[in-house]
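Take a look at the letters that make up each chain.
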Amino acid sequence: NAGVTQTPKFRVLKTGQSMTLLCAQDMNHEYMYWYRQDPGMGLRLIHYSVGEGTTAKGEVPDGYNVSRLKKQNFLLGLESAAPSQTSVYFCASSFRQYSNQPQHFGDGTRLSIL
Amino acid sequence: AQSVAQPEDQVNVAEGNPLTVKCTYSVSGNPYLFWYVQYPNRGLQFLLKYITGDNLVKGSYGFEAEFNKSQTSFHLKKPSALVSDSALYFCAVREGFVGNDMRFGAGTRLTVKP
C-alpha cells in the first residue's frame, strides 16, 4: 500500500543546475499537488493538476514547471536552480469530488541548492 | 483568497492534561477545514475535517475539533495528551464546493512532556 511516493528523498544541487522531482500515486486520484515547506511558513502550493494533461499555477509558481502526462505521475521541474529554492518539497493527491476530500502526502524531497 | 492563522508557534502541555491547538481562518464562501499532523521526516497525515453539520468533529487518535462560525475558528483539542502526540500540527482551509486551492497555516509545534 504505497500511497504517494516521492523520488528522490534528498538532493544537493549547484546554482543553475536543473532537476526533476517525481511523484507517483497508486490511489487513482484525479488531483495532484506540489508544495514547498519552509520554516515558519507552512506549506505553499507551487502547482497543481486536476487531471491528466492539465496543470495550474498555485501560490508560488515562479521558477518551477510541472507536467502530468499520466494520471498517476506528477513531475516538478527546476530549470535553473537558485538558493531560494532550498526547501522541502511535498507532493499530495486527492479525489476529485467537490473539495471536501483530504489530501494524501508523500514523505517529501529535501532539496539543497548551493 | 482564503487564509489560515495559527497564532501559537509552540504549545507545551504535560502528559494527561488537555490540549488545544488554535486555528482561525478567512474564506469568502463556506469553509472546508482540515487538521493535519506531521512527524519528523514524514509527510502530513490527515487527522479530521469539518465540511458541514455538527460543529464538533471527531478524528483520528482521539483528537477532535470545534468549528465556530462566529469566531471563524477551528481549534484542535484532545482531552488527555500523550507524549506520542508531540508533532507539528497544521490547520488548512479550502473554499467549499468550488475551491481547488487549499491554504495551510504556518504550523504549531506541540510538545507533550512526561
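For the structure itself, look to the data block above.
The structure reproduced in this document is the subject of the present report. Because the structure is a prediction, the values reported are computed rather than measured.

Cut-offs applied
- Residues numbered from 1 in each chain as written.
- Chains lettered and ligands numbered in written order.
- Predicted model: local features only at pLDDT ≥ 70, side-chain atom pairs only at ≥ 80, totals over all residues.
- Heavy atoms only, no water.
- Core = buried A, V, L, I, M, F, W, Y, C linked by side-chain atoms within 4.5 Å.
- Buried < 20%, exposed > 50% of the residue type's maximum accessible area, 1.4 Å probe, protein only.
- Helix = DSSP H or I, 4+ residues; strand = E, 2+ residues; numbered from the N terminus.
- Contact = heavy atoms within 4.5 Å.
- Buried area = accessible area lost by both parts, 1.4 Å probe.
- Salt bridge = Lys/Arg side-chain N within 4 Å of Asp/Glu carboxyl O.
- Polar contact = N/O pair within 3.5 Å; in protein donor to acceptor, adjacent residues only side chain to side chain.
- Nonpolar A, V, L, I, M, F, W, Y, C, P; charged D, E, K, R; others polar.

**Structural notes on the nonpolar core**
All names here are of chain B. The biggest cluster of nonpolar side chains holds 27 residues, and the ones touching the most others in it are Trp35, Leu47, Leu48, Phe74, Leu76 and Tyr89. Elements with a contribution of two residues or more to this core: strand 2 (10-14), strand 3 (19-21), strand 5 (31-38), strand 6 (44-50), strand 8 (64-68), strand 9 (73-78), strand 10 (87-95) and strand 12 (108-113). In terms of residue count, the dominant contributor to this core is strand 10 (four residues). If near-sequence neighbours (up to four positions away) are discounted, phenylalanine 74 is found in contact with Cys23, Leu33, Phe34, Trp35, Leu48, Lys49, Tyr50, Ala65, Glu66, Phe67 and Cys91. If you look at the next biggest cluster of nonpolar residues, it comprises 20 residues, including Tyr36, Ile51, Leu88 and Phe104.

**Focus: the interface of chain A and chain B**
Listed by partner, the interface residues are 23 residues for chain A and 26 residues for chain B. Here chain A meets chain B over a buried area of about 1900 Å², counting both sides, of which 51% is carbon and sulfur. Across the contact surface, chain A and chain B share two salt bridges. The shortest N-O distance in the salt bridge between A:Glu59 and B:Arg103 comes to 3.8 Å. Where chain A packs against chain B, one counts five residue pairs in polar contact (both at pLDDT 80 or more). For the side of chain A that touches chain B, the secondary structure elements donating two or more residues are strand 4 (31-38) and strand 5 (42-51) of chain A. At five residues, strand 5 of chain A tops the list of elements feeding residues into the side of chain A that touches chain B. Considering only residue class, the side of chain A that touches chain B consists of 12 nonpolar, eight polar and three charged.

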